[in-house]
Amino acid sequence: MLTIISPGQPFPDIFPKGVVFLIDKPFAWTSFGVVNKIRYLLARQTGNKKLKVGHAGTLDPLATGLLILCVGDYTKRIEEFQAMPK
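What you are looking at is a predicted structure, and each value in this text was computed from that prediction instead of being measured.

Rules used in this analysis
Residues numbered from 1 in each chain as written. Predicted model: local features only at pLDDT ≥ 70, side-chain atom pairs only at ≥ 80, totals over all residues. Heavy atoms only, no water. Helix = DSSP H or I, 4+ residues; strand = E, 2+ residues; numbered from the N terminus. Buried < 20%, exposed > 50% of the residue type's maximum accessible area, 1.4 Å probe, protein only. Contact = heavy atoms within 4.5 Å. pLDDT = per-residue confidence, 0-100. Pairing = 2+ DSSP bridges. Axes fitted to C-alpha atoms, helices over the stretch in contact; angles between N-to-C directions. Salt bridge = Lys/Arg side-chain N within 4 Å of Asp/Glu carboxyl O. Core = buried A, V, L, I, M, F, W, Y, C linked by side-chain atoms within 4.5 Å.

Draft legend 1. Looking closely at the overall build of the protein. Secondary structure assignment for the protein yields two helices and three strands. Helices (α) and strands (β) of the protein occur, in sequence order from the N terminus, as β-α-β-β-α. Relative to its 86 residues, the protein shows a buried fraction of 29%. A fraction of 60% describes how many contacts in the protein between residues 6 or more apart in sequence connect residues 24 or more apart.

Following this line, the structure appears as structure tokens:
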């Protein structure tokens, strides 16, 4: 299941056990900073403070581009995403 959440749209009431977010990483943000921000926002929306969030590959802080974030059960699939062609 793929759910697209655009800025300004309400967060879905039912959060799946695992999800993949494709984030356009802003300039000067670290990959770890993006993970922390998403973890914080999801914890506030879902009430679950123990969500697993990880990224499939680090981007340089001075680079912009697509950052793949995996949440929940999808963190087990990070290696699968890293093995895909770019």
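Draft legend 2. Region of interest: the confidence of the model for the protein. Mean pLDDT over the protein stands at 85; residues scoring 70 or higher make up 83%. Per-element confidence in the protein is highest for strand β2 (residues 53-55), whose mean pLDDT is 94, and lowest for strand β1 (residues 18-25), whose mean pLDDT is 88.

Draft legend 3. Layout of the sheet that holds strand β3 (residues 65-72). Reading across from one edge, β1-β3-β2 is the order of the three strands in this open sheet, with antiparallel pairing throughout. A strand with exactly one partner marks an edge of an open sheet, and here the two such strands are β1 and β2. In this sheet, neighbouring strand axes are inclined to one another by 25° on average, regardless of whether the strands run parallel or antiparallel.

Draft legend 4. Inspection of the pattern of salt bridges at higher detail. Using the criterion set out here, one finds one salt bridge in the structure. Here Arg77 makes a salt bridge to Glu80, at a shortest N to O gap of 2.9 Å. Of the residues examined, Arg77 reaches a relative accessible area of 31% and is grouped as partly exposed.

Draft legend 5. Seen up close, the pairing of β3. Extensive coverage of β3 is indicated by the burial of six of its eight residues. Where β1 and β3 come together, eight bridges link them in antiparallel fashion. Along β3, the bridge assignment pairs Asp24 with Leu66. The pairing of β2 with β3 spans three bridges and is antiparallel. In the sheet register, His55 faces β3, and the bridge partner there is Leu69.

Draft legend 6. Highlighting the nonpolar core. Ranked by size, the top nonpolar core spans 12 residues in total: Val19, Phe21, Ile23, Val34, Val35, Ile38, Leu42, Leu51, Val53, Leu67, Leu69 and Val71. When residues of this core are traced back to their parent elements, those giving at least two are β1, α1 (31-46) and β3. Of all the elements, α1 adds the most residues to this core, at four residues. Excluding its chain neighbours within four sequence positions, the residues that come into contact with Val35 are Val53, Gly54, His55 and Leu69.

Draft legend 7. Structural context of the environment of Val71. Structurally, Val71 is set in strand β3. Owing to a relative accessible area of 0%, Val71 belongs among the buried residues under this scheme. Through-space distance from the C-alpha of Val71 to that of Val19 is 5.3 Å; in sequence the pair is 52 residues apart.

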